[in-house]
Amino acid sequence: MVDYHAANNQSSTGGVQTYMEQENDWDRDLLLDPAWEKQQRKTFTAWCNSHLRKAGTQIDNIEEDFRDGLKLMLLLEVISGERLPKPERGKMRVHKINNVNKALDFIASKGVKLVSIGAEEIVDGNAKMTLGMIWTIILRFAIQDISVEETSAKEGLLLWCQRKTAPYKNVNVQNFHISWKDGLAFNALIHRHRPDLIDYDSLRKDDPVTNLNNAFEVAEKHLDIPKMLDAEDIVGTLRPDEKAIMTYVSCFYHAFSGAQKAETAANRICKVLAVNQENEQMMEDYEKLASDLLEWIRRTIPWLENRTQEKTVNDMQAKQEDFRDYRCVHKPPKVQEKCQLEISFNTLQTKLRLSNRPAFMPSEGRMVSDINGAWHTLEGAEKGYEEWILSEIRRLERLEHLAEKFHQKAAIHESWTDGKEAMLTQKDYETSTLSEVKALLRKHEAFESDLAAHQDRVEQIAAIAQELNELDYYDSASVNARCQKICDQWDILGSLTQNRKESLERTEKQLESIDEHYLEYAKRAAPFNNWMEGAMEDLQDMFIVHNIEEIQGLITAHEQFKSTLAEANKEREAIQAIQAEVQKIAQSNGIKLSGANPYTTITPESIDSKWEKAMAMVPLRDNALQDELNKQNSNDNLRATFATQANTVGAYIQAKMEEIGRISIEMNGTLEDQLTNLKEYQKTIMSYMPEINKLEGYHQLIQEALIFDNQYTSYTMEHLRVGWEQLLTTIARTINEVENQILTRDAKGISQEQLYEYRASFNHFDKKRSGQMVSEDFRALLISTGNSLGDSEFNRIMGIVDPNGSGAVTFQAFIDFMSTETTDTDTADQVIASFKILAADKSFITAEELRRELPPDQAEYCIARMAPYSGPDAVPGALDYMSFSTALYGESDL
């Protein structure tokens, strides 16, 4: 027989040694109380089987089934999690003794003093020694590690029971025998941790068997604690066996202490998942807002790039009105959405940094830079579209003016050519007298002179038609047809004129009598008549001007024209005098005139009539020019009014942009005070909006008056709109920066004094007062805060505060770094450890365990995202919580 008392004198003196000294009532030479021995057999057998079943086996007889040492070694491996030396498989006594000795050696190696327990007695089936050995194992592996408020083992277990059952009536746990006989203590333990399993108020102290059976059955069915005692054995014994009760109660302790750990682990996981769910919702909101804004930009840009030409000025002005509606109604909400998008993105990134999560990377094409790029393209399209509208209005004005001028000149020319072909093709000279022929010849010469005078008008008509074609006039086809008809007719008239002249010249030798006065009349009347027609045409000519200088030029030209009227009137009187002289000669010589000048169709009456008409047109032209001068003076007043307001607004925006730049650097007081002041400042800025609207009204009047330049100001409406939007965006960003600083302070536990110190240090080294600093200044700032930096450490820090490598560090990045360096946060390893507790130390977890330990929404969140577990110990439905936990912290993809 091996004596382990001497073998373990040098082992640990704590732990089980102490318990064995307290349990010195165990004596191999004395007989156990038969009732106690029965209770210990049942309890110890059930306890051993609760562990052996994990290895797929069990015992039926505690002193027989451990005799060969095989199941004893297996039991120790299961409860310790360690490998024992390889057992001997022989059937001889020496093999069994060696196996038992290996088991006893392992127990002794754990600091347990085995008093008078030898391998031979276990092999011989000594019930007392076997029960004593099992009790020693229970003390070491089930009770020794129990600790409650610096008390351990038996005292710790007793204190735990007293605290858990203290609120229950009729329960007073003072020991591990009499205090448990009525069964109420067992039921109280279960109800304290699982009130859903026990109806405690229905139990009666005078019915211990029912109480005990209820507790044992509930524990076996719902808590996986095997039934280790019979209620009748406890009730029928004056003093139940203490070791059996302690063994049974220790199972309850381990079952419920595991639940407490699981609850703690579940709370940690819930916290981490709540943060992750909130961040994911913000990511989804950002993605949706970015998609909607990009989609709006995508739909709007083709509309702004549409250059479909309209036919009239009214149609283009309708497009201009649509564009004005877009700028004043549809775009401003999108400007707000873009600003909100940037604020949401910055807030999300701050939250991710504070929760030790990787930075949010929007899906491709939805970065803030992508939004800004698309917005820049949109604004470029806006500018191009507005410029195109204005140029189209100018072009259409020009086209309408030219078209009206073309049709007016064409109508005059067609009226003049009416009947000319018939006149040139007649054969009247064949039967005429000499004088008649001479008259016909002179008349023809006058016609040629008239024809030559009309050549300039035909060229003007052709030039106007060509310009209409070059300006892409919508009705160019009809213009071209009419112009071609006039040119073809003109060529025919030229040919007919030449033919008639040749015919008249053939008979000219025989025709000599020409009335010189008629001839002179005709020669002078024709150009004068043509001059009057030209003057009348000029007096009726349409004009379009855009400034005072142009209308004054027209007025000057008109005054010059009026100055020639006196000379023209003298010419008219001279022509009329020739006709009077003809009448005088005829009367004095008794000549009967036919009443018509043979050389011209221009009569004195027609000259006088046209002269009167021309003179009547002069004051009308005066009035028209004066009205246009008044209009241009009014337009100039509009320019001056707009310029005055624009210069005021421009100076205001510039001053406020400089002021907000100083405010963002020199802010004092608490962050909440700064935030309040900034929001009040934002309200002050927004109160200036009526001035912007007033300027928009002036701008609308300018556009409606078709004013395209303004020499009184360098500001354009587009420039001021962009400046105003930049001012509002800058204020919103500054407010967001302070809000993020508050978020960082609250989340990281940074005091207000620390933030003041950080701000003062940053401003001291921010030499340019720009809100950011270069790397060398940042190194000096870090050294001033007590950091001793080598190049490699400094490069690591720069990689954190300037991940894009821009070479500049912002104040927000500096705060994030300082708070991260000084604050502890959850890690992936902590989350993995928490999941491992919920999984009962397995390498995987099941959906059923997640639903049992976590709230429903977060349990389903994990189940949906955890990959199937594929390890060697995998079971159906196993989930990989390790890769899921590392993915939460950016170490792999979910």
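Every value quoted in this text rests on a predicted model; they were computed, and no experiment measured them.

Reading the values: rules and limits
- Residues numbered from 1 in each chain as written.
- Predicted model: local features only at pLDDT ≥ 70, side-chain atom pairs only at ≥ 80, totals over all residues.
- Heavy atoms only, no water.
- Helix = DSSP H or I, 4+ residues; strand = E, 2+ residues; numbered from the N terminus.
- Buried < 20%, exposed > 50% of the residue type's maximum accessible area, 1.4 Å probe, protein only.
- Contact = heavy atoms within 4.5 Å.
- Areas by Shrake-Rupley, 256 points an atom, 1.4 Å probe, with all protein chains shown as cover.
- Expected span 1.5 Å × (residues − 1).
- Polar contact = N/O pair within 3.5 Å; in protein donor to acceptor, adjacent residues only side chain to side chain.
- Core = buried A, V, L, I, M, F, W, Y, C linked by side-chain atoms within 4.5 Å.
- Phe/Tyr/Trp six-rings, centres within 6.5 Å; stacked < 30°, edge-to-face > 60°.
- Salt bridge = Lys/Arg side-chain N within 4 Å of Asp/Glu carboxyl O.
- pLDDT = per-residue confidence, 0-100.
- Axes fitted to C-alpha atoms, helices over the stretch in contact; angles between N-to-C directions.
- Parallel < 35°, antiparallel > 145°, perpendicular 65-115°, else oblique.
- Left-handed = near helix turned anticlockwise from the far one by under 90°.
- Nonpolar A, V, L, I, M, F, W, Y, C, P; charged D, E, K, R; others polar.
- Pairing = 2+ DSSP bridges.

Before going further, it helps to examine the overall build of the protein chain. When helices and strands are counted, the protein chain shows 33 helices and seven strands. Burial status across the protein chain gives 46% buried among its 894 residues. Within the protein chain, residue pairs in contact and separated by at least 24 positions form 75% of the contacts whose partners lie at least 6 positions apart. Taken as a whole, the protein chain presents about 44500 Å² of accessible surface, with 50% of it coming from carbon and sulfur.

Before going further, it helps to examine helix α8 (residues 127-143). Its 17 residues place the ends of α8 22 Å apart at the C-alpha level, agreeing with the 24 Å of an ideal helix rising 1.5 Å per residue. Counting buried positions over the 17 residues of α8 gives 16, a clear majority of the element. Where α8 begins, the side chain of Asn126 points an oxygen toward the backbone nitrogen of Lys128, at a separation of 3.0 Å.

Now for the nonpolar core. Core analysis: the largest hydrophobic core is formed by 78 residues, its most contacted members being Trp47, Ile137, Trp180, Phe186, Ile190 and Phe252. Considering each element in turn, this core owes the most residues, eleven residues, to α8. When near neighbours in sequence (up to four residues on either side) are disregarded, Trp47 contacts Leu75, Ile79, Ile137, Ile138, Ala142, Met228, Thr247 and Cys251. Within the second largest apolar cluster, 46 residues are counted, among which are Ala646, Ile692, Trp724 and Ile735.

This next bit is on the environment of Arg41. As for its position among the elements, Arg41 is in helix α3 (residues 34-52). According to the relative accessible area criterion, Arg41 is partly exposed, its value standing at 24%. Separated by 90 residues in sequence, Arg41 and Leu131 place their C-alpha atoms 7.3 Å apart. Not counting chain neighbours up to four residues away, the residues in contact with Arg41 comprise Asn61, Ile62, Glu63, Ala127 and Leu131.

Before going further, it helps to spend a moment on the packing of aromatic side chains. Applying the stated rule across the entire model yields 31 aromatic pairs. Considering the side-chain rings of Trp416 and Trp490, the 6.2 Å spacing of their centres and the 40° angle between planes classify their relative orientation as tilted. In this pair, Trp416 sits in helix α15 (residues 368-417) while Trp490 sits in helix α18 (residues 476-507), placing the two residues 74 residues apart along the sequence. By relative accessible area, which is 11% here, Trp416 ends up buried. Ring geometry for Tyr688 against Trp724: centres 6.4 Å apart, planes inclined by 40°, an arrangement best described as tilted. Here Tyr688 is found in the loop between α23 (671-686) and α24 (689-704), whereas its partner Trp724 is found in helix α25 (residues 717-748), with 36 residues between them in sequence. Overall, the relative accessible area of 13% leaves Tyr688 in the buried class. Owing to a relative accessible area of 6%, Trp724 belongs among the buried residues under this scheme. What links up through ring pairs into an aromatic cluster is the set Phe176, Trp180, Phe186, Phe216, Tyr248, Phe252 and Phe256.

We now examine the pattern of salt bridges. Taken as a whole and judged by the stated rule, the model has 50 salt bridges. For Asp292, the salt bridge identified is with Lys288, shortest N-O distance 3.0 Å. Here Lys288 and Asp292 lie together in helix α13 (residues 242-305), a separation of four residues that amounts to about one turn. A relative accessible area of 36% means that Asp292 is categorised as partly exposed.

The share of residues in the protein chain with pLDDT of 70 or more is 89%, and the mean pLDDT across the chain is 81. The least confident element of the protein chain is helix α1 (residues 4-7), whose mean pLDDT is 31; the most confident is helix α10 (residues 184-193), at 92. Counting contacts from residues 1-31, a segment whose pLDDT is below 50, to residues more than four positions away or on other chains yields 60 contacts. Here residues 510-514 is modelled with pLDDT under 50, and outside its nearest four sequence neighbours on either side it reaches 18 contacts, counting other chains as well.

Attention now goes to the environment of Lys331. Counting through the fold element by element, Lys331 comes out in helix α14 (residues 313-354). The class of Lys331 is buried, set by a relative accessible area of 1%. In this structure, the C-alpha to C-alpha distance between Lys331 and Trp296, residues 35 residues apart in sequence, is 10.0 Å.

Quick look at the packing of helix α30 (residues 828-838) against helix α33 (residues 881-888) now. The geometry of α30 relative to α33 is characterised by a closest axis approach of 9 Å and an angle of 150° between their N-to-C directions. One finds that α30 runs roughly antiparallel with respect to α33. Note that α30 runs across α33; the crossing there is right-handed. Each of Ala828, Val831, Ile832, Phe835 and Lys836 in α30 lies in contact with α33, whose residues at this interface are Tyr881, Met882, Phe884, Ser885, Thr886 and Leu888. A breakdown of the residues in the contact of α30 with α33 according to their chemical character gives eight nonpolar, two polar and one charged.

It is the contact of helix α5 (residues 70-80) with α8, at a shortest axis distance of 11 Å, that shows an interaxial angle of 10°. When the interaxial angle is binned, α5 and α8 end up roughly parallel. Across the interface between the two elements, Leu72, Leu76, Ile79 and Ser80 from α5 touch Met133, Ile137 and Phe141 from α8. Of the residues in the contact of α5 with α8, the class split is six nonpolar, one polar and no charged.

As a further point, take the sheet that holds strand β7 (residues 878-880). The strand order across the open sheet formed by three strands is β5-β7-β6, and the pairing between neighbours is antiparallel. The open sheet has two free edges, formed respectively by β5 (845-846) and β6 (867-868), since each of these has just one partner strand. Examined bridge by bridge, β5 and β7 share two bridges and lie antiparallel to one another. Bridged to Thr846 within β7 is Ala878. Sheet contacts for α33: β5 and β7; angle to β7, the most-contacted strand, approximately 30°.

One can find Thr350 in helix α14. Given a relative accessible area of 0%, Thr350 falls into the buried group. Excluding anything up to four places from it in sequence, Thr350 contacts Asn740, Leu743 and Thr744.

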